[in-house]
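# Notes for the structure review
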Amino acid sequence: MTPLTRKGGAQGPDWIAVYITHNMPEAHIILGKLRVHDIPAMIHQEAGATAIGITLGNLGEIKILVSPADYESAAALLYAEDAERIEATNDRIQLVWPADAESEKDDDDK
């Protein structure tokens, strides 16, 4: 990945993208992981993308930004070979509609 630098102006630091995703919940998980390890980070997404619901391509990218001083430690934390992978599985998800739950409850009472 080529780091993206973003100038913060005279009062702010430069920022580098250490992680890019198209999934906001995943971005918050990564942000939390960095912050738990005392690495300041922030989420950045182009303003127009959320307004019109774009989730693909460059406008749909959600970037996790860190300062250049923290880039190496953040990358080591996120991309370590023994790092825990985030897997999207639906194996343990069970959807129960309220009406179904009531009918199951009635069946159990009989």
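Each remark here, short or long, concerns the structure printed above.
Residues numbered from 1 in each chain as written. Predicted model: local features only at pLDDT ≥ 70, side-chain atom pairs only at ≥ 80, totals over all residues. Heavy atoms only, no water.

## Description of helix α1 (residues 24–36)
Put simply, the rule reads: The helix and strand labels rest on DSSP assignments: H or I over at least four residues marks a helix, E over at least two residues marks a strand, and numbering proceeds from the N terminus. Under the convention used throughout, the expected extent of a helix is 1.5 Å for every residue step, that is, one less than its residue count. Any two residues having at least one pair of non-hydrogen atoms within 4.5 Å are treated as being in contact. In protein, a polar contact means a hydrogen-donor-capable atom and an acceptor-capable atom, both N or O and within 3.5 Å, with residues adjacent in sequence counting only if both atoms are side-chain atoms; elsewhere, any N or O pair within 3.5 Å suffices.
For α1, built from 13 residues, the straight-helix expectation of 18 Å at 1.5 Å per residue is met to within 8% by its first-to-last C-alpha distance of 18 Å. In this structure, the buried side of α1 is in contact with β2 (15–21), β3 (41–45), β4 (62–66) and α3 (68–79). The backbone nitrogen of Glu26 has a side-chain oxygen 3.1 Å away, supplied by the residue at the start of α1, namely Asn23.

## Structural notes on the pattern of salt bridges
Where we set the bar: Every case where a carboxyl oxygen of Asp or Glu lies within 4 Å of a side-chain nitrogen of Lys or Arg is listed as a salt bridge. Note on exposure labels: buried denotes an accessible area under 20% of the residue type's maximum, exposed denotes more than 50%, and partly exposed covers the range between, all computed with a 1.4 Å probe on protein chains only.
Here the structure, examined in full by the defined rule, presents one salt bridge. Of the charged contacts, one joins Glu61 and Lys63 as a salt bridge, the two residues approaching to 3.4 Å between their closest N and O atoms. Relative accessible area serves as the criterion here: at 18%, Glu61 is assigned to the buried category.

## What about the packing of α1 against α3?
Quick reminder of the rule: The angle between two axes is taken between their N-to-C directions and runs from 0 to 180 degrees, where each axis is a line fitted to C-alpha atoms and a helix contributes only its stretch in contact. Any angle that is under 35 degrees is reported as roughly parallel, and any over 145 degrees as roughly antiparallel; angles of 65 to 115 degrees are reported as roughly perpendicular and all others as oblique. For any helix crossing, the convention is left-handed if the near helix is rotated counterclockwise from the far helix by under a right angle, and right-handed if that rotation is clockwise.
Contact geometry of α1 with α3 gives a least axis separation of 11 Å together with a crossing angle of 120 degrees. Overall, the two elements α1 and α3 adopt an arrangement that is oblique. Handedness of the crossing formed by α1 with α3: right-handed. When α1 is examined against α3, the residues Ile30, Lys33 and Leu34 are found in contact with a partner set consisting of Ala74, Leu77 and Leu78.

## Brief notes about the nonpolar core
For the record, the criterion: For this analysis, a nonpolar core means a set of buried residues of the types Ala, Val, Leu, Ile, Met, Phe, Trp, Tyr and Cys, connected via side-chain atoms within 4.5 Å.
Counting residues in hydrophobic clusters, the biggest one holds 17 residues, and the most contacted among them are Val18, Leu34, Ile64 and Val66. Contributing elements (two or more residues each) for this core: β2, α1, β4 and α3. Top element by residues in this core is α3. It accounts for five residues. Non-local contacts of Leu34, meaning those with residues more than four positions away in its chain, are made with Val18, Ile39, Ala41, Ile64, Val66, Ala74, Leu77 and Leu78.

## Considerations on α3
Rules: The arc refers to the directions leading from the helix axis to the C-beta atoms.
Helix length check: α3, at twelve residues, gives a terminal C-alpha distance of 17 Å against a target of 16 Å (1.5 Å per residue), a fit within 8%. Taken as a whole, α3 has its buried residues at Tyr71, Ala74, Ala75, Leu77 and Leu78. The arc that holds the buried residues of α3, viewed along the axis, is 160 degrees, so those residues lie on one side. Of the exposed residues in α3, those oriented more than 90 degrees away from the buried face are Ala69 and Glu72. Buried residues belonging to α3 abut β2, α1 and β4.

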